[in-house]
Amino acid sequence: MNFVEKCILVGFALAINSWATSAPLTSTTDDAVPENVLNCATVMFSQPSVKFMHKLRPSDPSALLSVKDLPEGLRWNSRRNLVEGSIDKEGEYGYTIVVVHDSDTVEVPVSLTVSSALQQPVPFMGWLSWNVVQSEISSEVVRTVADAMVESGLADAGYKYLVIDDLWHAPVRELITGKPLPDAAKFPEGMGACADYVHSRGLKFGIYSDAAEETCAKAYGSYGFENIDADQYADWGVDLLKYDYCGAPAERDSALVRYKAMGDALKATGRDILFYMCEWGERQPWKWGTRTGATCWRATGDTRDGWRGKDGGVGIVESVAGMKDLWPYSGVNRFNDADMMCVGIHGTGKSSNDLVESPGMTMTEYATQFAIWCMWSSPLTLSFDLRNPINPDDLALITNPELIAINQDRMGQAAEFLFENSDGVQLYAKDLENGDVAVAVLNMSDQPHPFTIDISEIPALESGKSYHVRDLMKRCTLPDVINRMEAGELAPHETRVFRLSER
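Summary of the structure given here. Please read these numbers as outputs of a predicted model, since none were measured by experiment. (Residues numbered from 1 in each chain as written. Predicted model: local features only at pLDDT ≥ 70, side-chain atom pairs only at ≥ 80, totals over all residues. Heavy atoms only, no water.)

## Points about the side chain of Thr96
This is how it is decided: Under the DSSP-based scheme used, a helix requires at least four consecutive residues in state H or I and a strand at least two consecutive residues in state E, with every element numbered from the N terminus. Burial classes: relative accessible area under 20% of the type maximum marks a residue as buried, over 50% as exposed, and values in between as partly exposed (1.4 Å probe, protein chains only). Throughout, a residue-residue contact means that at least one pair of heavy atoms, one from each residue, lies within 4.5 Å.
Looking at the secondary structure, you find Thr96 in strand 6 (residues 91-101). For Thr96, a relative accessible area of 14% translates into the label buried. In contact with Thr96, other than residues within four places in its own chain, are Ser66, Val67, Lys68, Asp69, Glu107 and Val108.

This is the structure:
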């Protein structure tokens, strides 16, 4: 396509998409809350008759919080600064947070949608192609991976989304209509046939685009073609769109407009397409992502296959630094994503091999990645090469039903980061729907360290009570505990996760 033809096509697409890109922005958003008042989400979601929990975090710890106008079924827990309970009837609800600091009082509205039709009531689980496949993506790869997901038991464990990443595109769009086209050599039967095969295996099919003229790998993006692309994705039978942000303007307001244009376009198709924002956390999407129609958003840069990144790369160390304090902004239908996991790659990837001190990790480190992703309620996305047999140790880890249950808990809480001690050992706690509490101990240091869990340091637990303990990593029951629990000596980079139930 020459320059003139390209200009004509872009102009045509911009004209018929103008209604989407100029759609008004609503004012009911998390980022309408002054940061000097609250640092937590105020746009919330829940399912009917499912326990709901909304943790509030004031910007100044000395501020006093209260709540008024609570809907029937919800109550205020002043000891923990949270709203909890359940609402049986679907609908739109609201309540007000009252923040008192010194002599100032600020009232902050909260919206709560209770629905049995939420797009993402729990974090999605699946496989993404980029880390090991990249430009080799094809219908053959998709069929092979779909078969492997089913036959290995991954699908039964909950991994339902097969998502193709960048470079599925033909060199140019269809000239007359502007529709996106798959590379005919890679997808000779077309993308619809590819999606049909994935669906025939009981899985869901995802695709990739970008909110700019070009994708990260320089294929064509969707900016100006939002409605055309969304309609085509719906016709193909796409169930998820991963939407990147390479080549787009840096400021937050432009990102919001561009993402909302695609979110609106997807909604207008009438097909239930999960909208996954991938803007790497640079513009704090946890504060405005719900405004676009997205139900999850990347909160970090691209995760690499290594414990520690270099030259700006993101290993586990950097993932933890970026994610650990975002827990007040996560919840049902609004999940912070720590990116696809590198469990199972073992240094054999492509882009996942760069920007780390040493590509590949130990099984201890891979277990930490999987466990802490589960605790954070991050989407669980695999990225190792499913064209090859799965290592039994990797398979056992990523199908651990007790860890997956923590991730898929219907209350949607992200683990609260409690503290890091002088040895570099971190403590996390996650409230679960049935009243249990998942507690994770993570050794970030390069040395082994013992750790004792003090029950009084976990807000959801009470000193003096007896708790039943389940070790979720080893999948065994431990002796009951009162007041203190020995986590044992943690190896360098090891994580241990326990589920505590009141006796």
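## Let's talk about empty space enclosed by the protein
Inclusion rule: Buried and open spaces are told apart on a 1 Å grid over the protein atoms alone, a cavity being a set of points where a 1.4 Å probe fits but cannot get out and a pocket being an open set with protein on both sides within 12 Å along at least five of seven lines. Residues with an atom within 4 Å of a point are the lining residues. Grid points are joined across faces, edges and corners, and a volume is the space filled by probe spheres set on the points. When residues are grouped by polarity, Ala, Val, Leu, Ile, Met, Phe, Trp, Tyr, Cys and Pro land in nonpolar, Asp, Glu, Lys and Arg in charged, and all others, Gly among them, in polar.
Under the defined criterion, the tally for this structure stands at 4 cavities of 30 Å³ or more. Roughly 60 Å³ of volume is contained in the largest cavity. Taken together, Met44, Met53, His54, Lys55, Trp327, Pro328, Ser330, Gly331 and Gln413 make up the full set of residues lining the largest cavity. A per-element tally of the lining of the largest cavity places strand 2 (residues 52-55) first, with 3 residues. Residue classes in the lining of the largest cavity are distributed as 4 nonpolar, 4 polar and 1 charged.

## Some words on the sheet that holds strand 7 (residues 104-114)
Which entries qualify depends on this criterion: The criterion for strand pairing is that DSSP finds at least two bridges linking the strands in question. Note on geometry: axes are lines fitted to C-alpha atoms, helical ones only across the stretch in contact, with angles between N-to-C directions running from 0 to 180 degrees.
The 4 strands lie next to each other as 1-7-6-3, forming an open sheet whose pairing is mixed. The strands lining the two open edges of the sheet, one partner per strand, are strand 1 (43-46) and strand 3 (64-68). Between one strand axis and the next, the sheet turns by 30° as a mean value, whatever way the strands run. The pairing of strand 6 with strand 7 spans 11 bridges and is antiparallel.

## Observations concerning the state of the cysteines
The condition is simple: Here, the term disulfide refers to a pair of cysteine sulfur atoms separated by no more than 2.5 Å.
Applying the stated criterion across every chain yields a total of 1 disulfide. For the unlinked cysteine Cys296, the closest cysteine sulfur is that of Cys278, found at 9.7 Å. There is no disulfide at Cys374, and the cysteine sulfur nearest it, in Cys342, is 15 Å away.

## Notes on unusual backbone geometry
Positive phi is not limited to glycine here, since Leu355 has a value of about 60°. Note on placement: Leu355 falls in the loop between strand 14 (335-337) and helix 8 (363-376). A positive phi is found at Ser377, a non-glycine position, where the angle reads about 60°. As for its position among the elements, Ser377 is in the loop between helix 8 and strand 15 (380-382).

## Some details on helix 7 (residues 316-323)
The test is simple: Throughout, the arc means the angular range of directions from the helix axis out to the C-beta atoms.
Ile316, Ser319, Val320 and Met323 are the residues of helix 7 that are buried. The buried residues of helix 7 occupy one face: seen down the axis, they fall within an arc of 95°. Those residues of helix 7 that are buried lie in contact with strand 14, helix 8, strand 17 (425-431) and strand 18 (437-443).

## Describing the packing of helix 5 (residues 226-236) against helix 6 (residues 252-268)
How we decide: For classification, angles of less than 35 degrees are called roughly parallel, those exceeding 145 degrees roughly antiparallel, those between 65 and 115 degrees roughly perpendicular, and all remaining angles oblique. Take the far helix as the reference: if the near one is turned anticlockwise from it by less than a right angle, the crossing is left-handed, and if turned clockwise, right-handed.
The contact between helix 5 and helix 6 brings their axes to 8 Å, and the two run at 40°. By the angle between their directions, the pair helix 5 and helix 6 is classed as oblique. Judged by the sense of rotation from one axis to the other, the crossing of helix 5 with helix 6 is right-handed. Residues Glu226, Asn227, Asp229 and Ala230 of helix 5 form the contact with helix 6, whose participating residues are Ala261, Met262, Ala265 and Leu266. Each residue belonging to the contact of helix 5 with helix 6 can be placed in one class, and the counts come to 5 nonpolar, 1 polar and 2 charged.

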